[in-house]
Amino acid sequence: MAFPEPKPRGPELPQKRLKTLDCGQGAVRAVRFNVDGNYCLTCGSDKTLKLWNPLRGTLLRTYSGHGYEVLDAAGSFDNSSLCSGGGDKAVVLWDVASGQVVRKFRGHAGKVNTVQFNEEATVILSGSIDSTIRCWDCRSRKPEPVQTLDEARDGISSVKVSDHEVLAGSVDGRVRRYDLRMGQLFSDYVGSPITCICFSRDGQCTLVSSLDSTLRLLDKDTGELLGEYTGHKNKEYKLDCCLSEHDTHVVSCSEDGKVFFWDLVEGALALALPVGPGVVQSLTYHPTEPCLLTAMGGSIQCWREETYEAEGAPG
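Residues numbered from 1 in each chain as written. Predicted model: local features only at pLDDT ≥ 70, side-chain atom pairs only at ≥ 80, totals over all residues. Heavy atoms only, no water.

What counts is decided by this rule: UniProt positions are given in the numbering used here, feature names are shortened, and annotations may be inferred rather than shown by experiment.
Per an unreviewed UniProt entry, the chain goes by WD repeat domain-containing protein 83 and derives from Bison bison bison. We quote the UniProt Subunit (unreviewed entry) comment for the chain here in full: "Interacts with EGLN3/PHD3. Interacts with ERK signaling proteins MAP2K1/MEK1, MAP2K2/MEK2, LAMTOR3, ARAF/Raf-1, MAPK1/ERK2 and MAPK3/ERK1. Identified in the spliceosome C complex. Interacts with PARD6B and CRB3. Interacts strongly with GTP-bound RRAGA but not with inactive GDP-bound. Interacts with p62/SQSTM1."

Here is the structure:
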């Protein structure tokens, strides 16, 4: 008689706190993994951007050059460059190794909420409270953007980029997808101010969070509503959402001090992870492993799955 195969274990969620890092840069406005998940960036209300090895807890470099708080940052595919945007309305291109400002792009009429590189890191896309997305050529000496996308009727809160698309979320309640190959714009109306948008890792869906304390999963091509996720609190702040490393779970910050995980297919709440007493301001998920970074107040927290053993730890 053959015994039944053991059930395959479900994906592990990062719920073991490994480290808390005091970033020493005022309030941490955003935390972002780099492309391979070995490093992270923190954006500070004290005008600095910092590069860390989060698992070791080591500060690698501080980048100073913004005139007001830094609100978002991103790393290039080859880890040689960073871009950032902030309350000074500027978009800054940095050299990672030297810590120097390579270019400072000015043109937005209000604070810059969100920045992204294109895949080749030749263009920076920035979204602003001034309701525009501007595309800056990293190699050009010209001060003006190469393109301005101004279809939104209110501030841009979130921008993501794929190889041929730009996805944008706006306070006007619309998700806009620009297909650069086809030269087309697709728009889906959510109805509540959008705080964060992202592509699923398989590129088939878009995840949208908004100020009605709801996340929605949309079919990228048709706009069909595939799922809704509730239970967290998001009424007033711009909070991050994302999908786990294999698209199995929807993940969101919350204003009640927790990070919420939902089963993507079933929509059921899988975990409400207590982080602390304040608002979980930002989060970032490792590209390939069950590892999560969260930001609250002036510190970031590093989370791994329960079975994780740090290198060099007794095991």
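Let's pick the thread back up.
## Some remarks on the overall build of the chain
Filter applied, for reference: Counting from the N terminus, the helices are DSSP H or I runs at least four residues long and the strands are E runs at least two residues long. Throughout, radius of gyration means the C-alpha value; the globule benchmark is 2.2 Å times the number of residues raised to the power 0.38. Exposed residues in this analysis have more than 50% of their type's maximum accessible area, buried residues have under 20%, and partly exposed residues fall in between, with area computed by a 1.4 Å probe over protein chains only. Contact between two residues is taken to exist if any of their heavy atoms lie within 4.5 Å; hydrogens are not considered. Computed by Shrake-Rupley with a 1.4 Å probe, the accessible areas treat only the displayed protein chains as cover when residues are assessed. Here Asp and Glu are counted as negative and Lys and Arg as positive; His is not counted, and neither are the chain ends. Here the site of a charge means NZ on Lys, CZ on Arg, CG on Asp, or CD on Glu.
Looking only at helices and strands, the chain has zero helices and 28 strands in total. Here the chain has a C-alpha radius of gyration of 19 Å; the compact-globule value for 315 residues is 20 Å, and the two agree. Expressed as lengths along the three principal axes of its C-alpha atoms, the size of the chain is roughly 75 × 45 × 35 Å. Per-residue burial for the chain yields a buried fraction of 55% across its 315 residues. Sequence separation of at least 24 residues holds for 43% of the intrachain contacts in the chain that already meet a minimum separation of 6. For the chain, the computed accessible surface area is about 14,100 Å², with 49% contributed by carbon and sulfur atoms. Computing the positive centroid from 34 side-chain charges and the negative centroid from 42, the chain places the two 7 Å apart.

## With respect to the packing of aromatic side chains
The criterion, for reference: Pairing of aromatic rings covers Phe, Tyr and Trp, the last through its six-membered ring, and needs centres within 6.5 Å; plane angles under 30 degrees mean stacked, over 60 mean edge-to-face, and all others mean tilted.
Applying the stated criterion to the full structure yields four aromatic pairs. Ring centres of Tyr63 and Trp94 lie 5.6 Å apart, and the angle between their planes is 70°; on these two criteria the pair is classed as edge-to-face. Of the two residues, Tyr63 sits in strand β5 (residues 58-64) while Trp94 sits in strand β8 (residues 91-95), which places them 31 residues apart along the sequence. Both residues of the pair, Tyr63 and Trp94, count as buried.

## Some thoughts on the side chain of Arg32
Selection rule: Any pair of N or O atoms that falls within 3.5 Å is considered a polar contact. Within protein, one atom must be able to donate a hydrogen and the other to accept it, and sequence-neighbouring residues count only if both atoms are side-chain atoms.
Inspection of the secondary structure puts Arg32 in strand β2 (residues 28-33). For Arg32, a relative accessible area of 17% translates into the label buried. Side-chain polar atoms of Arg32 contact the side chain of Asp240, separated by 2.9 Å. With sequence-adjacent residues up to four places away left out, Arg32 is seen in contact with Tyr39, Cys40, Leu41, Asp72, Ala73, Asp240, Ser282, Leu283 and Thr284.

## A short note on the side chain of Ser76
Mapped onto the elements of the fold, Ser76 is located in the loop between β6 (70-75) and β7 (81-86). Leaving out residues up to four positions away in the same chain, Ser76 has contacts with Val35, Ser81, Phe117 and Ala121.

## Quick word on unusual backbone geometry
The phi dihedral of Ala121 is positive, around 60°, even though this residue is not glycine. Looking at where Ala121 falls in the secondary structure, it is placed in the loop between β10 (112-117) and β11 (123-128). The backbone phi angle of Ser213 is positive, close to 55°, even though this residue is not glycine. Along the chain, Ser213 turns up in the loop between β19 (205-210) and β20 (214-219).

## Brief notes about the nonpolar core
Quick reminder of the rule: Only buried residues count toward a nonpolar core, which is a set of Ala, Val, Leu, Ile, Met, Phe, Trp, Tyr and Cys residues joined through side-chain atoms within 4.5 Å.
The biggest cluster of nonpolar side chains holds 17 residues, and the ones touching the most others in it are Val251, Val259, Phe261, Leu273, Leu283 and Leu292. Among the secondary structure elements, those contributing two or more residues to this core are β23 (249-253), β24 (258-263), β25 (269-274), β26 (282-285) and β27 (291-296). Not counting the four nearest positions on each side in its chain, Phe261 is found in contact with Leu13, Pro14, Val250, Val251, Ala268, Leu269, Ala270, Leu271, Leu273, Tyr285 and Leu292. Counting 13 residues, the second-largest nonpolar core is a separate cluster that includes Cys241, Val250, Trp262 and Leu264.

## Notes on the sheet that holds β6
Inclusion rule: Strands were regarded as paired on the criterion that DSSP finds at least two bridges between them. In this analysis, axes come from line fits to C-alpha atoms, helices being fitted only over the stretch in contact, and the angle between any two N-to-C directions falls in the range 0 to 180 degrees.
Taken in spatial order, the four strands line up as β6-β7-β8-β9 in an open sheet, and their pairing is antiparallel. If you trace the sheet from one side to the other, it starts and ends with β6 and β9 (101-105), each paired once. If you compare each strand with its neighbour and ignore which way they point, the axes differ by 20° on average.

## Observations regarding the environment of Thr288
Here Thr288 lies in the loop between β26 and β27. It is 7.6 Å that separates the C-alpha atoms of Thr288 and His246, two residues lying 42 residues apart in sequence. The contacts of Thr288, once residues within four sequence positions are left out, are Glu245 and His246.

## Remarks on the pattern of salt bridges
Formally: Salt bridges are identified by distance alone: a Lys or Arg side-chain nitrogen within 4 Å of an Asp or Glu carboxyl oxygen.
Applying the stated rule across the entire model yields 15 salt bridges. Across the pair Arg29 and Glu69 runs a salt bridge, and its minimum N-O distance is 2.9 Å. With a gap of 40 residues between them, Arg29 in strand β2 and Glu69 in the loop between β5 and β6 connect regions that are remote in the sequence. Exposure remark for Arg29: the relative accessible area of 28% places this residue in the partly exposed category. A residue is classified by how much of its surface remains accessible, and Glu69, at 18% relative accessible area, is buried.

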